[in-house]
Amino acid sequence: MKDWWRGGIIYEIYPRSFKDSNGDGIGDLKGIEEKLEHVASLGVDAIWIAPFAKSPQKDFGYDVSDYCAVDPQFGTIEDFDAVAKKAHALGLKVLVDYVISHTSDEHEWFKESRSSRTNPKADWYVWADMQKDGTPPNNWLSVFGGSSWQFDTRRMQYYLHNFLKEQPDLNYHNKEVQDATLAEMRFWLERGADGFRLDALNFSMHDPSLKSNPHVENPSASEQPLSNPYSYQRHLYDKSQDALLPFLQRIRAQLDEFGATASLAEVGDDSARTMQLMADYAGSGDKVHMCYGFDFLGPNCTPLHFKTIIEKFETGAGGAWPCWAFSNHDCIRQVSRWMRPGEDPARVAKFAAALLLSLRGSLCLYQGEELGLTEADLRFDQLKDPAGITFWPEYKGRDGCRTPMPWDGEVENAGFGQGTPWLPVEAAHLASSVKAQEADAESVLHFYREAIGIRQGSAALKTGSVEVLEAGEDVVVLKRVAGGETATCVYNFGGVQIPVPKKYGTNIILASGNGVMIEPRGFVWLRA
């Protein structure tokens, strides 16, 4: 089906931490192949594989040195072929994480670009002269700290890097760069990929005027923590430029050549701007298929927040198809973000799952969500994430959500692999392993399978319209409608139980309690 992605559920695999097949402590493609049955058993539609291309791993794969080669620590290109073949046999689409805004400084393109100001690739990256006093061209800041400009003594110029200095930004104002990117995306499509997750898409083009960014009045609106100076600028000129849109049309045209493909764009900007970007990128049907932002990846878990974001998207995203996630490889796990002191993590996990699965749009599940995993607590000396190391202790980075997947809590390294894992296995995860939850009919894992199955079989829940019927201090009610089917989903965010509101129907589709009362962090799905 060409539009499989509408209402589809995409399972994100972080390869380093999913399954280690060869005992080197790092997950790999063979490990993914080995465990695909688990993913398929959830009832999801696709997998998104975080970067596995050749890379010096300064940012764990998001610094690519060769887009058309598999990094040896993850396996071989034949291993990818085997993953794609098995996934397709299991009914799963395969989305490859394509790092579109930048490369590694070890990429051959950058090596040539930095060699002189006159070489054939001199304009493939963003270069600028120093100011008269030797300082950078403007005030732009890197997401990972400090200036986003790095001086290069070969060219005696600065180059732009929105992230690490080892991640120079490509210049997509140059059509040759667009052509090269399209050719490498075609390489993966021809090998069996069904599309792409486009990393940091709105960072892919800058304003050539190189104007300095103004400050912001409300830094808390940023998707970055306040401990990061990046939050204190309004990023008008270093990203989110309209000039990117024609290139997105070229990407979509190529994807359409391959039939039932999809593209999922990550859009990171302040909340006021994100909806407009989603409309620009996905609202007209000729660019990316869908976008996701950071609105539900933070600590805010209130009825008003959900009402605000849902209604803001429905009125402000210009017909774009939504995609939602509550967790991914870049943020604290949802249970730890939303759990109140003394609460049962499993209850919070089921509550979050039910809420996510009732939203209009496509959905992303991050590995381990189906187990209700909490954030791992790591010491500073155990950190690997450059952002965590830079901004410690106010921001501990992303390692806490990237620890190894617990397959069997009774064996070495929780069944992740024989070698010492690249990050330690979290002791609190052992009791939540896949094996333990398979044996428990009331587990989070079994709940995910049941709830996903219900959503997949319901036109209202999968692709229907959405309306926020209520959003009080403790309760939110969503109404989903498709054709003659209506599903009403009631969520109790509060600390005391409430009665099931019979005015929305008495036919219970799914409930966390007895169907009479909704306990704290409980819910009920009703069919009218």
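Whatever comes next refers back to the structure up there.
These numbers come from a predicted model, not from an experiment. (Residues numbered from 1 in each chain as written. Predicted model: local features only at pLDDT ≥ 70, side-chain atom pairs only at ≥ 80, totals over all residues. Heavy atoms only, no water.)

Quick notes on the sheet that holds strand β6 (residues 127–128)
Phase 1 of the analysis: Sheet architecture is open: three strands sit in the order β6-β8-β7, paired in antiparallel fashion. Edge strands, defined here as strands with exactly one partner in the open sheet, are β6 and β7 (149–152).
Phase 2 of the analysis: Where β7 and strand β8 (residues 157–160) come together, four bridges link them in antiparallel fashion. Across the sheet, Gln150 pairs through a bridge with Tyr159, a residue of β8. (Pairing = 2+ DSSP bridges. Helix = DSSP H or I, 4+ residues; strand = E, 2+ residues; numbered from the N terminus.)

Overview of the side chain of Lys462
Phase 1 of the analysis: One can find Lys462 in helix α15 (residues 459–463).
Phase 2 of the analysis: Despite being buried, Lys462 has no salt bridge partner; Asp45 is the closest side chain of opposite charge, sitting 4.1 Å away.
Phase 3 of the analysis: For Lys462, the side chain forms a polar contact with the side chain of Gln456, separated by 3.1 Å.
Phase 4 of the analysis: What Lys462 contacts, discounting residues up to four positions off in sequence, is Arg6, Gly7, Gly8, Asp45, Trp321, Gly361, Arg455, Gln456 and Arg480. (Buried < 20%, exposed > 50% of the residue type's maximum accessible area, 1.4 Å probe, protein only. Lys, Arg positive; Asp, Glu negative; His and termini not counted. Salt bridge = Lys/Arg side-chain N within 4 Å of Asp/Glu carboxyl O. Polar contact = N/O pair within 3.5 Å; in protein donor to acceptor, adjacent residues only side chain to side chain. Contact = heavy atoms within 4.5 Å.)

Re the layout of surface pockets
Over the atoms, a rolled probe matching the size of one water molecule traces out where space is still vacant.
Phase 1 of the analysis: Each pocket or cavity is described by its volume, and for the second largest pocket that value is around 280 Å³.
Phase 2 of the analysis: Forming the walls of the second largest pocket are 16 residues, and the residues nearest its centre are Lys350, Glu442, Phe447, Ala511 and Ser512.
Phase 3 of the analysis: When residues in the lining of the second largest pocket are grouped by element, the largest group, four residues, is from helix α11 (residues 345–357).
Phase 4 of the analysis: Here the lining of the second largest pocket is composed, by residue class, of six nonpolar, three polar and seven charged. (1 Å grid on protein atoms, 1.4 Å probe; cavity = no way out; pocket = protein on both sides within 12 Å on 5 of 7 lines; lining within 4 Å. Points joined across faces, edges and corners; volume = space filled by probe spheres on them. Nonpolar A, V, L, I, M, F, W, Y, C, P; charged D, E, K, R; others polar.)

As for the pattern of salt bridges
Phase 1 of the analysis: One pass over the structure, following the stated rule, counts 33 salt bridges.
Phase 2 of the analysis: In this structure, Lys30 and Asp79 form a salt bridge, with 3.4 Å as the shortest nitrogen-oxygen distance. Of this pair, Lys30 sits in helix α2 (residues 29–34) while Asp79 sits in helix α4 (residues 77–89), and the two are 49 residues apart along the sequence.
Phase 3 of the analysis: You can call Lys30 partly exposed: its relative accessible area is 44%.
Phase 4 of the analysis: The salt bridge partner of Asp256 is Arg252, with a shortest N-O separation of 3.2 Å. Taken as a pair, Asp256 and Arg252 lie in helix α7 (residues 245–257) at a separation of four residues, close to a single helical turn.
Phase 5 of the analysis: What makes Arg252 buried here is its relative accessible area of 12%.

A short note on the packing of α11 against helix α14 (residues 444–456)
The geometry of a pair of packed helices is captured by two quantities: the angle between their axes and the separation between those axes.
Phase 1 of the analysis: In the contact formed by α11 and α14, the axes pass within 10 Å of each other and the chain directions differ by 15°. Comparing the axis directions of α11 and α14 gives the class roughly parallel. Note on packing geometry: the crossing formed by α11 with α14 is right-handed. Residues Ala346, Ala349, Lys350, Ala353, Ala354, Leu356 and Leu357 of α11 form the contact with α14, whose own contacting residues are Val444, Phe447, Tyr448, Ala451, Ile452 and Arg455.
Phase 2 of the analysis: When the residues that make up the contact of α11 with α14 are grouped by side-chain class, the tally is eleven nonpolar, no polar and two charged. (Axes fitted to C-alpha atoms, helices over the stretch in contact; angles between N-to-C directions. Parallel < 35°, antiparallel > 145°, perpendicular 65-115°, else oblique. Left-handed = near helix turned anticlockwise from the far one by under 90°.)

What to know about the nonpolar core
Phase 1 of the analysis: The biggest cluster of nonpolar side chains holds 125 residues, and the ones touching the most others in it are Ile47, Tyr281, Tyr491 and Trp525.
Phase 2 of the analysis: Looking at this core, the element that brings in the most residues is α11, giving nine residues.
Phase 3 of the analysis: Ignoring anything within four residues of it in the chain, the contact list for Tyr491 reads Phe351, Ala354, Leu355, Ser358, Asp474, Val475, Val476, Leu478, Gly522, Phe523 and Trp525. (Core = buried A, V, L, I, M, F, W, Y, C linked by side-chain atoms within 4.5 Å.)

Structural notes on the packing of aromatic side chains
Phase 1 of the analysis: Enumeration according to the criterion identifies 36 aromatic pairs in this entry.
Phase 2 of the analysis: Ring geometry for Phe60 versus Trp422: centroids 5.2 Å apart, planes at 50°, classification tilted. Of this pair, Phe60 sits in the loop between β3 (53–54) and β4 (66–70) while Trp422 is found in the loop between α12 (386–391) and α13 (434–438), placing the two residues 362 residues apart along the sequence.
Phase 3 of the analysis: With a centroid separation of 6.2 Å and an interplanar angle of 55°, the aromatic rings of Phe523 and Trp525 are classed as tilted.
Phase 4 of the analysis: Accessibility expressed as a relative area gives 2% for Phe523, which makes it buried.
Phase 5 of the analysis: Chaining the aromatic ring pairs together yields one cluster made of Phe296, Phe306, Phe313, Trp324, Phe326, Trp338, Phe351, Phe447, Tyr491, Phe493, Phe523 and Trp525.
Phase 6 of the analysis: Stacked on the ring of Trp422, the Lys or Arg Arg16 has its end atom at 4.4 Å from the ring centre.
Phase 7 of the analysis: Here the basic side chain of Lys35 rests over the ring of Trp407, its NZ or CZ set 4.6 Å away from the ring centre. (Phe/Tyr/Trp six-rings, centres within 6.5 Å; stacked < 30°, edge-to-face > 60°. Lys NZ or Arg CZ within 6 Å of the ring centre and 35° of its normal.)

So, empty space enclosed by the protein
Phase 1 of the analysis: One pass over the structure, following the stated rule, counts two cavities of 30 Å³ or more.
Phase 2 of the analysis: Taken as a whole, the largest cavity encloses approximately 80 Å³ of empty space.
Phase 3 of the analysis: Along the walls of the largest cavity sit Pro51, Phe52, Ala53, Val64, Tyr67, Val96, Asp97, Tyr98, Val99 and Trp188, which together make up its complete lining.
Phase 4 of the analysis: In terms of residue count, strand β5 (residues 93–99) provides more of the lining of the largest cavity than any other element does, four residues in total.
Phase 5 of the analysis: Residue composition of the lining of the largest cavity, grouped by class: nine nonpolar, no polar and one charged.
Phase 6 of the analysis: Taken as a whole, the second largest cavity holds about 50 Å³ of empty space.
Phase 7 of the analysis: Around the second largest cavity, the lining residues are Ile310, Phe313, Glu314, Pro322, Trp324, Leu359, Arg360 and Val466.
Phase 8 of the analysis: At the level of secondary structure, the elements contributing two or more residues to the lining of the second largest cavity comprise α9 (303–316) and β12 (321–325).
Phase 9 of the analysis: No other element matches α9, which puts three residues into the lining of the second largest cavity.

A few points about helix α6 (residues 175–190)
Phase 1 of the analysis: Taking 1.5 Å of rise per residue, the 16 residues of α6 would be expected to cover 22 Å, and the 22 Å separating its terminal C-alpha atoms lies within 8% of that figure.
Phase 2 of the analysis: Those residues of α6 not exposed but buried are Val177, Gln178, Ala180, Thr181, Leu182, Glu184, Met185, Trp188 and Leu189.
Phase 3 of the analysis: Regarding α6, its N-cap is Asn174, as a side-chain oxygen of that residue lies 2.8 Å from the backbone nitrogen of Glu176 further along.
Phase 4 of the analysis: One or two positions beyond α6, positive phi appears at Gly192, with a value near 115°. (Expected span 1.5 Å × (residues − 1).)

Considering the sheet that holds strand β15 (residues 475–482)
Phase 1 of the analysis: One open sheet accounts for five strands, arranged β14-β15-β16-β20-β18; its pairing is antiparallel. With one partner strand each, in any of the chains shown, β14 (465–471) and β18 (507–511) form the two edges of the open sheet. Neighbour-to-neighbour, the strand axes of the sheet open up by a mean angle of 20°, direction not taken into account.
Phase 2 of the analysis: One ladder, built from six bridges, connects strand β16 (residues 485–492) with strand β20 (residues 522–527); its direction is antiparallel. In the sheet register, Thr488 faces β20, and the bridge partner there is Leu526.
Phase 3 of the analysis: Across the sheet, α14 lies against β15, β18 and β20, angled at about 140° from β18, the strand it touches most.

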